[in-house]
Amino acid sequence: MNIQKLSRERKEKLYIEKETELQLHWKNSLSSDWYFIKEWTDSELEENIKDAIGQLRFEKYISVVKKVFSFLIIIFIFLGVLGLLLFGIKQLF
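Okay, so let's go over this structure. (Residues numbered from 1 in each chain as written. Predicted model: local features only at pLDDT ≥ 70, side-chain atom pairs only at ≥ 80, totals over all residues. Heavy atoms only, no water.)

Comments concerning the overall build of the chain
So, point 1. Tallying secondary structure elements over the chain gives two helices and zero strands in all.
So, point 2. Its C-alpha atoms give the chain a radius of gyration of 24 Å, clearly above 12 Å, the size a compact globule of 93 residues would have.
So, point 3. Each principal axis of the C-alpha atoms in the chain carries an extent, and together these give about 80 × 25 × 15 Å.
So, point 4. Looking at the chain as a whole, 19% of its 93 residues qualify as buried.
So, point 5. Of the accessible surface of the chain, which amounts to about 7600 Å², a share of 64% is contributed by carbon and sulfur atoms.
So, point 6. Each charge sign in the chain was given a centre, from 14 positive and 13 negative side chains, and these centres are 11 Å apart. (Helix = DSSP H or I, 4+ residues; strand = E, 2+ residues; numbered from the N terminus. Rg over C-alpha atoms; globule rule 2.2 N^0.38 Å. Buried < 20%, exposed > 50% of the residue type's maximum accessible area, 1.4 Å probe, protein only. Areas by Shrake-Rupley, 256 points an atom, 1.4 Å probe, with all protein chains shown as cover. Lys, Arg positive; Asp, Glu negative; His and termini not counted. Charge placed at Lys NZ, Arg CZ, Asp CG, Glu CD.)

Concerning the pattern of salt bridges
So, point 1. Tallied over the full model, the rule gives seven salt bridges.
So, point 2. In this structure, Arg8 engages Glu12 in a salt bridge whose closest nitrogen and oxygen atoms are separated by 2.9 Å. Of this pair, Arg8 and Glu12 both sit in helix α1 (residues 8-26), four residues apart, roughly one helical turn.
So, point 3. A salt bridge links Arg8 to Asp42; its shortest N-O distance comes to 2.8 Å. Here Asp42 lies in helix α2 (residues 42-92) and Arg8 lies in helix α1, a separation of 34 residues in the sequence.
So, point 4. You can call Arg8 partly exposed: its relative accessible area is 26%.
So, point 5. The exposure class assigned to Asp42 is partly exposed, which follows from its relative accessible area of 39%.
So, point 6. Salt bridges sharing common partners tie together Arg8, Glu12, Lys38 and Asp42. (Salt bridge = Lys/Arg side-chain N within 4 Å of Asp/Glu carboxyl O.)

And the structure:
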């Protein structure tokens, strides 16, 4: 998406949308006070949009990495317990 080709109004809506999505991801309360956006220049607005999009991508990537890492630890623990059980059963017979 080329942010520079968007109108000022669309840029503001995009920023609010991405920041809201980021706040929902962090499970923070949502704010409806977006008056400060009007004070930003176009370049500041574009930079903040890029920052918000980048932060959101990073948060989603880290979330996936955490889930995969947690899954691997659970599998490791499960296989360890299973191995101990099989070893114990083998020792009984």
